[in-house]
Amino acid sequence: MNKRTHKYLPLFPVLAAYIVMFIIGDNVAGMWQLVGMLAFYCALGQAFNIFLGMTGYVDFGYVAFLGVGTYGMALALTRIKNLEAFGLGIIPIGLLLALVMGILLSLAVGAVALRLRGAYFAIATIGVNEGFRYLIEGAKIWNGAEGMIFTAQMNEAFGRDTASAIMTYWSDIFVLVIAALAALVTLVYMRSKIGYALTALREDEDAAKVMGVNVTKYKIIAFITSAGFAAILGAVSWALKTPYVFPPEVFEIHYTVEAIIIVLLGGAGTLLGPVMGGLVYGISKYYLSIILPGFQLLIFAPVIIIIILLFPEGIVGMLKARLKGTSLESFVI
Amino acid sequence: MFLEQLGGNLIQGLVLGAIYGMATMGLSLIFGVLKVVNVGHGAFVMVGAFTTLWVFNALGLNPIFALPCAFGLGMALGLFFYYTTIRRLIKAPELASLLATFAMGVLLEEIVRLGFGSEFRGYNWVAGKIDLGITVLPLPKLYASIGSALIALGLYFWFKRTRAGNAMRSVVEDSEGARVCGVNVGWAYALSFALGIGLTLMSGVLLTMFIPVGINPYMGGPYTLKAFVIAVLGGLSSPYGAFFGGLVFGLIENGSYTLFALIPGVEPFALTRFLSFVMLLVILLIRPTGLLRAK
Amino acid sequence: MRVKDFKGIVCFVAVLAIFAVSDAIAASKVVIGHPACLSGKYAKAGEQAIGGIKACIEWINESYGGVELSGKKVPLEYKYYDCESKKEAVTSLIGRLITVNKVNVVFAPYSSGLTLRGAPVAESRKMLYMDHGGANNKIFQQGFEYIVQTIGPATNYHRGTLDMIHTIDPQAKKVALAYEDSEFARMVMEGAEKHAKELGFSIVFKRTYPKGVTDLTPLLSALKATKPDFTLGGGHFEDGQLFNRQMADLDINVNALSLIAAATLPAFYEALTSMAEGVMGPSHWEYGVKYSEEEAKKNGLRWIGPDQDDFVALFKKALGKDILPDYHAAEAGAQVLAYVLAVEKASSLDSGKVRTALGDLQFMSFYGGWDVDETGLQIGHSMVDVQWQMGKRIIVWPREAQTGDVAYPIPAFAEKAKGKVAVPR
């Protein structure tokens, strides 16, 4: 096996997982929507991991990027006249708009917050999340707190049946694709100069700076990438799948917390981590809500504390340690 | 007319700000000594609120009596969470402590929900009011405000004058040096955390004196966010800074409402929130030690 | 732990899937599916809804004998899960209910947002989707074909209140509107504003406040300055309590105060005690409404379901708690009744046929009238206005439904603090 393929081996378990999820979802009755939910969590974890995992910084306002991406797609669907002429072409327009808006927001946030470290950074990012949300509500931007409901526009643009298929099937496939793309980008970063720089700064930022690593540049790259993925994830999973946007919902902090849990559970900074984290978190939540409805949070809260205390490196972190020296080592990073 | 509104709002803002400030003191104390951000802050405020409810309804007592109860309960909770969780997270990356404190908050919310139900409760302590012309101030609000100031003052003297207080200050300055001087650093950490939580629970009591309704397990969220802004205003590590930060916050939030209300076509209330977060960002960038010198 | 661990997880999922598929149900019953809000921000409403649904299902099975299909009486069953009031879980739970539990109808989760989230999945499976907790009118302008509403639309909430004040006090002119800035409350405000203008009122104050507000003092101070004759507003539960409390604190006295969502719940008076005297709120249902079989006959409507007291008893039994049902419970329960009537009318469980039957259906129950238009919007149910008088809720409007006269103007807060209660003149 030549060096090239060897570099991309770790991608295989990740892609295999997504493909298996797709197969199960498509073929087992009643599983598709669950797979959709799991795909969302995996994609969220993969995208968040690009920044949190690789730099160690906690962006507590991450959901703002999901939110702004949702608005991007929503605006494309509601503000463009003559929707029928565009048909399915609206989707790439919406995605592009979402991506652009996400990147712009991340540049704005980055310029302000990335000068700060640790807890200050976390608080600053919360500030951006909340500030942005109240700006939208206060200045009544994009319909303010009333939000937008656009199923009708989707029906008009795509035709009823296609719209329905998009809302219940194709959007979830999109999410799997986003998750796979995010994994690919994570791997590319990990194996490149970016990855080395980020590992150095995660271990000890001051030492890295002294060694001449341009920490700011690499932090920004990771931040913008992570934000961009969040934006398209929001555009797909929250606009195409859920044809409405209400500001309090798309800026809710609990999504950021879920992203943190997924990344931590799976193993921050690893490639396979978010997949494992997303699956374990999503499946446990789902079955808990069926078997013990009303008690999920009561059970999850102490479990999270235990994981943080006893297993801070996450599932894949522990896996990596066990596999050191075996032939499977190159598959799991 | 505008000046009347502004004046009235500023007075109310000052009164509320004292309470907000006191509510944030616990957060700043914990961060100052342990460098841990308590993301579950609001949940502890909520527990304080429920304590007041219980004292008022079950024991039939004036909410002032809830203060020592809340403080005692807070110290107990603080010590419990310190020794089970926080102790191991002091040197860990902030991700761990952020998530752990968040989980603590969620745990409290769920326990309270299962114990008390998710109903929205309140109590009615009729104690009279003062009419100031430009605004009306119910006496419980005033008591709460004065109470906050007294507690802040009490904390100041405790830090300056008592051995335990001095020990804690030395730990903040230089934990190694303190250890060398014979200070039991571990115990100082535990006490700080417990004290911080105790303060936070007491602030829940005072808060209900200002807003005695709408008490429910999930009420803490907005207070956590406010506390972050105020803590930053006052300098994240300084409890006194937090108190003054609260006053400033109250003034600006209420005062700016009157100004925003002059702009047509906007929602003034949401904009005051927006403004508070802009303040947060500006201060973090320009003066992270807060508006006052830290101590 | 081996590396095939991830494959292990996949196998685990597959096994669970097989497990899940195999718990498919035999077809000799009618199953209602519901991704309910048992925890999270809508926990209270969710718990009430479950109680109401269980109560009416029991009534159908025990007193009514079951659903009549092809000559047989078939029992109703109820399958519900906890969506934690979050949208992610809604779609996956609905997927499970439809394919694994093979339900015959899906009841939407509480709130307009979550109702909307589940709608596309239900539509794509051509599954009947019944909405008891989503009042946003726009839901019915999106072209959904399988959705039917039992709760009244948001824009109607304050219509009755305005009619009432217009009738009893033609001198009242100035109204202040102060609502929560959320999609639901905004729709109520829109409806109120439009109707107020139609009736000739002048709107002297119109502002909103954000969800999760902790202090309304600045807004209420500004409201006070406009000296309104009466005030309409509110949003959800906690802000309603705050609103009333802070109006008391600031000594803002009006002839009438009507707050949506919060004011009619028992917890409101418990929290506010004397400050709540005279405060009103529109409600979909309140214990004491005069709907009965005779009433239905008078209006030429079919009657079905338990009477009020039976409903309350069944509700308490269903939840195992001694709490009174509020309108969340009643509207969810009425939805069960509507469904049963439609199934019998269509003599079929097919979603399309039942949906058509629901469109033609008109009936009355303990909850009130029921009739939907072609988009599924509820038009047959009227809201009632409820007022706290001497610590009790009295239905004061419309006249056909009232259990007592309205107390107008309401006493001033200072008087209430001294113990004055609200009594009709």
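Whatever comes next refers back to the structure up there.
Residues numbered from 1 in each chain as written. Chains lettered and ligands numbered in written order. Predicted model: local features only at pLDDT ≥ 70, side-chain atom pairs only at ≥ 80, totals over all residues.

Caption draft 1: Focus on the overall build of chain B. Within chain B one finds 11 helices and 2 strands. For chain B, the α and β elements follow one another from N to C terminus as α-α-α-α-β-β-α-α-α-α-α-α-α. Its C-alpha atoms give chain B a radius of gyration of 19 Å, within 12% of the compact-globule value 19 Å for 295 residues. Across its three principal directions, the C-alpha atoms of chain B cover 60 × 50 × 35 Å. Counting over 295 residues, chain B shows a buried share of 63%. (Helix = DSSP H or I, 4+ residues; strand = E, 2+ residues; numbered from the N terminus. Rg over C-alpha atoms; globule rule 2.2 N^0.38 Å. Buried ≥ 20, exposed ≤ 12 C-beta atoms within 10 Å, placed from the backbone.)

Caption draft 2: A look at the pairing of strand β17 (residues 392–397) of chain C. Residue and element names in this part refer to chain C. The buried fraction of β17 is high, at 5 of 6 residues. Pairing of strand β16 (residues 384–389) with β17, which is carried by 5 bridges, proceeds in the antiparallel orientation. By the bridge assignment, D385 is partnered in β17 with W397. (Pairing = 2+ DSSP bridges.)

Caption draft 3: The sheet that holds strand β14 (residues 362–365) of chain C, seen in detail. Residue and element names in this part refer to chain C. Ordered by their spatial adjacency, 3 strands build an open sheet running β13-β14-β15, and the pairing between neighbours is mixed. Each end of this open sheet is capped by a strand with a single partner; those strands are β13 (302–303) and β15 (368–371). When β13 meets β14, the two strands line up parallel, connected through 2 bridges. Counterpart to W303 in the pairing with β14 is M364.

Caption draft 4: Representation of the interface of chain B and chain A in the model. Listed as interface residues are 33 residues of chain B and, on the opposing side, 36 residues of chain A. Taken together, the elements giving at least two residues each to the side of chain B that touches chain A come down to α3 (66–89), α4 (94–116), α9 (221–234) and α11 (268–286) of chain B. By residue number, the principal contributor to the side of chain B that touches chain A is α4 of chain B, which donates 12 residues. When the residues that make up the side of chain B that touches chain A are grouped by side-chain class, the tally is 26 nonpolar, 2 polar and 5 charged. (Contact = placed C-beta atoms within 7 Å. Nonpolar A, V, L, I, M, F, W, Y, C, P; charged D, E, K, R; others polar.)

Caption draft 5: Fine view of the interface of chain C and chain A. Contact with chain C, which involves 44 residues of that partner, is made by 48 residues of chain A. Elements with a minimum of two residues in the side of chain C that touches chain A: α1 (5–22), β4 (76–82), α3 (87–99), α4 (112–124) and α6 (183–199) of chain C.

Caption draft 6: Layout of the environment of S118 of chain B. Examined against the element boundaries, S118 of chain B turns out to sit in the loop between α4 and β1 (129–131). Since 22 C-beta atoms lie within 10 Å of it, S118 of chain B is described here as buried. For the pair S118 of chain B and F274 of chain B, spaced 156 residues apart in sequence, the C-alpha separation works out to 29 Å. Ignoring sequence-local partners within four residues, the contact set of S118 of chain B consists of R113, N216 and P217 of chain B together with A43 and K44 of chain C.

No statement about biological role is implied by the geometric values presented.
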